[in-house]
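Residue-level structure breakdown
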Amino acid sequence: MPDIILTTLNARYTHAAFGLRYLMANLVALAGRAAMLEFDISHRTTDILERILGENPRIVGIGVYIWNARESLQLVGELKRLRPDVVVIVGGPEVSYETQLQEITTVADFVVTGEADQAFASLCGQILAGRRPLQRIIAADLPQFETPSRDDDATPPVSLPYSLYTKEDLAHRVIYVEASRGCPFKCEFCLSSLDVPVRNVPLDDFLAAMQDLLDRGAQSFKFVDRTFNLNLNISKAILSFFLEQWKPGMFLHFEMIPDRLPTPLRELIRQFEPGALQFEIGIQTFNESVSSLISRRQDNIRVEENLRWLRAETGVHVHADLIAGLPGEDITSFGAGFDRLVGLGPQEIQVGILKRLRGTPIIRHDVEWGMIYSPHAPYEVLQTKLIDFKTMQRVRRFSRFWDLVANSGNFTVTIPLMKVDGSPFAAFWAFSEFAYEAAGRTHAIALSRLAELVFYFLTERIGLAPQMAADVLWRDHLRCGRSDRPAFLKPFVGDAPIPRRGARGPAVAQRQARHLS
């Protein structure tokens, strides 16, 4: 039986817990006395407790994140009721800031704040040796990936976790990797603004670990670096490595600085096959006054140039992010930014609602801009001085229906027709209102019903001829490999032949993008 259980609740099964693997890799001498148990937020707490307590551990370490905060609180509370003798240690971004204000940190025995890769191991060693620390909240020293050359007493560098990905992980789960930690920027809504300095994993060690993953069958890699293209030499070396190792079906996801895409990087990116790369590009806002207000540096002209180049010259799948509800931005400004981004042609636009993450300095705008947030995870803004609650609810519906229709890849032929006075935002704002009124919900809407809603919106609200609307929807229907004939389309498509299965559906990269989200 292991003395230490490392556990967390992932957002879904396919998301492997990267943080747990780092903790396990750095237990060193204690690794043989530890085990990992992964769950997801759909699991019942009693079932999780049964699994954990079945191992009869002395220590349980739990990773707490914004997506599992409520479930983790319940798990810790019930675990301590059943087995008060078990030492519970919590860590992770959700408990690393405003720590003493959180209920979970009063129920757990210890809290490790910050990057706990090595601090967790040290704490476990003390507890198992009978030297239980008096201090409950332990701030982890910032771990490094390289030992300082002039300090013989320095802590050993962080051990990499990639050998802990199992055969099942490689076959069925997202494989998270990182070549660097930290972010040099100070965007006030982001936890990464608190994470300085940027530290790079030794390149030779990192590439050796990637080679091992490839040799064991890994095909999809999601880089969690906040600024993959910050260091040109390192990003070039990594892209060159994967280009040399390229095999059909390989897929790489990177989070990129939107206004930094120099020529040497472009030359490498252009060589990858269509659908091989996905770039997550955080635009967040095109309003320069708002950017200045929240300490975000971004050259919007260069952003536009880079996005146009990516769409025109490469097969990169571009996933771009916008945030609604930022201090100082009203719905008109947000809509203008949305239209500007649509015009640049990314395959996906993620409309996010501003979150007040613990510890972020965005709270300094609360009074001036009337920022009111939910006190419960994920701490989304409920209203601002410029966007009232009712309008913010409409934004949420807009975001959801945009995901279902535009980001799904099911309506790529139809979407360009959805414009009002040349504005995609105005059209889709109207569609989300129309669809919500008709369906009464934003979830559990069958694809055929969604297509029907699009059809009636195009014909009744946009004024498109029914035959034209039916033609484009039928093309999308066939493009996705569907073999049924929706009732609302039958009067317009008649006995049109249906191609045999095997017709191309949404692009491979788009399906992978949804999987890796």
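That block above? That's the structure.
Summarised in this report is the structure supplied together with it. (Residues numbered from 1 in each chain as written. Predicted model: local features only at pLDDT ≥ 70, side-chain atom pairs only at ≥ 80, totals over all residues. Heavy atoms only, no water.)

**Notes on the overall build of the protein**
This is how it is decided: Labels follow the DSSP assignment, with helices taken as runs of H or I lasting at least four residues and strands as runs of E lasting at least two, numbered in each case from the N terminus. Based on C-alpha atoms, the radius of gyration is set beside the globule rule, defined as 2.2 Å times the residue count to the power 0.38. Throughout this description, buried means an accessible area under 20% of the type-specific maximum (1.4 Å probe, protein chains only), exposed means over 50%, and partly exposed covers the range between. Whether two residues touch is decided by their heavy atoms; if any such pair falls within 4.5 Å, the residues are in contact. Calculation of accessible area relied on Shrake-Rupley with a 1.4 Å probe; when residues are assessed, cover is drawn exclusively from the protein chains displayed. Residues scored as positive are Lys and Arg, those scored as negative are Asp and Glu, and His as well as the terminal groups of each chain are ignored. To locate a charge, take atom NZ for lysine, CZ for arginine, CG for aspartate or CD for glutamate.
Across its full length, the protein holds 18 helices and 16 strands. Taking 517 residues into account, the globule formula puts the C-alpha radius of gyration at 24 Å, and the protein, at 25 Å, falls close to it. Along the three orthogonal principal directions, the C-alpha set of the protein runs to about 80 × 50 × 45 Å. When burial is assessed residue by residue, the protein has 53% of its 517 residues classed as buried. Restricting the contact set of the protein to residue pairs at least 6 apart, pairs at least 24 apart contribute 72%. Entry remark: accessible area of the protein is about 23400 Å², with carbon and sulfur atoms responsible for 51%. Counting 57 positive and 60 negative side-chain charges, the protein places the centres of these two groups 4 Å from one another.

**Some remarks on the pattern of salt bridges**
Applicable threshold: We define a salt bridge as a side-chain nitrogen of Lys or Arg found within 4 Å of a carboxyl oxygen belonging to Asp or Glu.
Counted under the stated rule, the structure contains 27 salt bridges. Close ionic contact of aspartate 47 with arginine 44 constitutes a salt bridge, the shortest N to O distance being 3.0 Å. When its relative accessible area of 29% is taken as the criterion, aspartate 47 is described as partly exposed. The exposed category is assigned to arginine 44, whose relative accessible area is 57%. Ionic pairing is found between arginine 394 and glutamate 433, a salt bridge with its closest N-O pair at 3.3 Å. Here arginine 394 is found in helix α13 (residues 389–407), whereas its partner glutamate 433 is found in helix α14 (residues 424–439), with 39 residues between them in sequence. Given the relative accessible area of 24%, arginine 394 is considered partly exposed. Among the residues examined, glutamate 433 registers a relative accessible area of 25% and is labelled partly exposed.

**Focus: the environment of alanine 11**
For alanine 11, the position within the fold is in the loop between β1 (4–10) and α1 (18–25). Judged by relative accessible area, alanine 11 falls into the partly exposed class, the value being 32%. Spatially, the C-alpha atoms of alanine 11 and isoleucine 323 are 21 Å apart, while their sequence positions differ by 312 residues. When residues no more than four places from it in sequence are discounted, the contact partners of alanine 11 are Asp40, Ile41 and Trp67.

**A short note on empty space enclosed by the protein**
Our working rule: Using protein atoms alone on a 1 Å grid, points that fit a 1.4 Å probe yet trap it form a cavity, whereas open point sets bounded by protein on both sides within 12 Å along at least five of seven lines form a pocket; residues with an atom within 4 Å of a point count as lining. Grid points are joined across faces, edges and corners, and a volume is the space filled by probe spheres set on the points. Gly counts as polar in this scheme, as do all residues outside two lists: the nonpolar Ala, Val, Leu, Ile, Met, Phe, Trp, Tyr, Cys and Pro, and the charged Asp, Glu, Lys and Arg.
Evaluated as defined, the whole model comprises 3 cavities of 30 Å³ or more. Computed from the structure, the largest cavity encloses a volume of approximately 130 Å³. Elements with a minimum of two residues in the lining of the largest cavity: α15 (447–462) and α16 (466–479). Grouping the constituent residues of the lining of the largest cavity by class yields 8 nonpolar, 3 polar and 2 charged.

**Describing the packing of helix α12 (residues 331–342) against α13**
For clarity, the cut-off: Between the N-to-C directions of two axes lies an angle of 0 to 180 degrees, each axis being a line fitted to C-alpha atoms and, for a helix, fitted only over the stretch in contact. Angles below 35 degrees are treated as roughly parallel, those above 145 as roughly antiparallel, those between 65 and 115 as roughly perpendicular, and all remaining angles as oblique. Crossing chirality is assigned from the near helix's rotation relative to the far helix, an anticlockwise turn below a right angle marking it left-handed and a clockwise turn marking it right-handed.
Relative orientation of the contacting elements α12 and α13 amounts to 15°, with a least axis distance of 12 Å. Comparing their axes, α13 and α12 come out roughly parallel. Crossing hand, α12 versus α13: right-handed. Residues Ile331, Phe338 and Val342 of α12 lie in contact with α13, whose contacting residues are Thr391, Val395, Phe398 and Trp402.

**A word on the sheet that holds strand β10 (residues 220–223)**
Stated precisely, the cut-off is as follows: The pairing criterion is simple: DSSP has to find at least two bridges between the two strands.
Here we have 6 strands laid out as an open sheet, ordered β7-β10-β11-β12-β13-β14, and parallel in their pairing. In the strand order of this sheet, the two ends are held by β7 (175–177) and β14 (348–353), each with one partner. Strand-to-strand twist in this sheet, taken as the mean axis angle between neighbours without regard to direction, amounts to 25°. Note: strand β11 (residues 251–256) against strand β12 (residues 277–284), 5 bridges, orientation parallel.

**Examining unusual backbone geometry**
Here the amide bond leading from alanine 377 into proline 378 is cis, since omega sits at 10°, within 30 degrees of zero. Here proline 378 lies in the loop between β15 (372–373) and β16 (381–383). The phi angle at glutamine 284 is positive, at roughly 70°, despite the residue not being glycine. Mapped onto the fold, glutamine 284 is located in strand β12.

**Focus: the environment of glutamate 305**
Of note, glutamate 305 is situated in helix α11 (residues 300–313). Owing to a relative accessible area of 45%, glutamate 305 belongs among the partly exposed residues under this scheme. Spatially, the C-alpha atoms of glutamate 305 and proline 258 are 9.8 Å apart, while their sequence positions differ by 47 residues.

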